[in-house]
Amino acid sequence: KNKSSSKSTKALWRKGVPAQVRFMVWTLALGNDLKITPDLYHRLKEAKEHTYIHIHNQSPSKEHSKGKKPVKDQIEADLPRTFPALKCFDLNGPLHNTVKEVLETYVHSRPDIGYVQGMSYIAANICLQSADEYLAFQSLANLIHKEH
């Protein structure tokens, strides 16, 4: 008999993963098919910063001229609306910068996917479990990459 279909296993899944090991279980379940390392994350983050500085010093972007907010502005606007009762993602909230960095770096690393409104909820859930920016990025990237 398949262990995942046993009554006790089903009961455990329904009860939920205990908070103290939840992020570890999520990380193991997601894996790291993209082979994201801390070094790669920091390189992507640096490249993002360089690109934003370069863009900021030039004329308005095509996005902006079409009436569309730049991605950084979209993310900044979404964060305070992400689980607003928690106040964690407000401008001065304890996880604001972590989620912002994770999202901006992800969007920069995957311009083909870009930023989608609501993506902040996924990143915020991950960051609520672990405020480690690198691990949050790795988890978000692998989650979006996986075929479900």
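This write-up is about the structure you can find in this document.

Rules used in this analysis
- Residues numbered from 1 in each chain as written.
- Predicted model: local features only at pLDDT ≥ 70, side-chain atom pairs only at ≥ 80, totals over all residues.
- Heavy atoms only, no water.
- Helix = DSSP H or I, 4+ residues; strand = E, 2+ residues; numbered from the N terminus.
- Contact = heavy atoms within 4.5 Å.
- Patch = residues over 30% accessible without salt bridge, like charges linked within 9 Å, V, L, I, M, F, W, Y side chains within 5 Å.
- Areas by Shrake-Rupley, 256 points an atom, 1.4 Å probe, with all protein chains shown as cover.
- Salt bridge = Lys/Arg side-chain N within 4 Å of Asp/Glu carboxyl O.
- Buried < 20%, exposed > 50% of the residue type's maximum accessible area, 1.4 Å probe, protein only.
- Phe/Tyr/Trp six-rings, centres within 6.5 Å; stacked < 30°, edge-to-face > 60°.
- Axes fitted to C-alpha atoms, helices over the stretch in contact; angles between N-to-C directions.
- Parallel < 35°, antiparallel > 145°, perpendicular 65-115°, else oblique.
- Left-handed = near helix turned anticlockwise from the far one by under 90°.
- Nonpolar A, V, L, I, M, F, W, Y, C, P; charged D, E, K, R; others polar.

1. Describing the environment of valine 17
With respect to the helices and strands, valine 17 occurs in the loop between α1 (7–15) and α2 (19–30). Residues within four places of valine 17 in sequence aside, it is in contact with Arg22 and Val25.

2. Considering a nonpolar patch on the surface
On the surface, a nonpolar cluster with roughly 300 Å² of combined accessible area is contributed by Val21, Met24 and Leu28. Structurally, valine 21 is set in helix α2. When its relative accessible area of 30% is taken as the criterion, valine 21 is described as partly exposed.

3. Thoughts on the packing of aromatic side chains
Geometry of an aromatic ring pair is reported as the spacing of the ring centres plus the angle between the planes. Overall, the coordinates contain 5 aromatic pairs when judged by the stated rule. Aromatic side chains tyrosine 41 and tyrosine 134 sit 6.5 Å apart centroid to centroid with 50° between the ring planes, which places their arrangement in the tilted category. Remark: tyrosine 134 occurs in helix α8 (residues 133–145) and tyrosine 41 occurs in helix α3 (residues 38–56); sequence separation between them is 93 residues. Accessibility assignment for this pair places tyrosine 41 and tyrosine 134 in one class, buried. Ring plane angle 50° and centroid distance 6.4 Å describe the contact between phenylalanine 83 and phenylalanine 89, whose orientation is recorded as tilted. Ring-pair connections join several aromatic residues into one group, and the members of that group are Tyr41, Tyr106, Tyr134 and Phe137.

4. Description of the packing of helix α6 (residues 96–109) against α8
In contact at an axis separation of 9 Å, α6 and α8 are set at 45° when each is read in the N-to-C sense. Relative to α8, the element α6 is oriented oblique. Pair α6 / α8 crosses with right-handed handedness. Across the interface between the two elements, Thr98, Glu101, Val102, Leu103, Thr105, Tyr106 and Ser109 from α6 touch Glu133, Ala136, Phe137, Leu140, Ala141 and Ile144 from α8. Of the residues assigned to the contact of α6 with α8, the class counts are 8 nonpolar, 3 polar and 2 charged.

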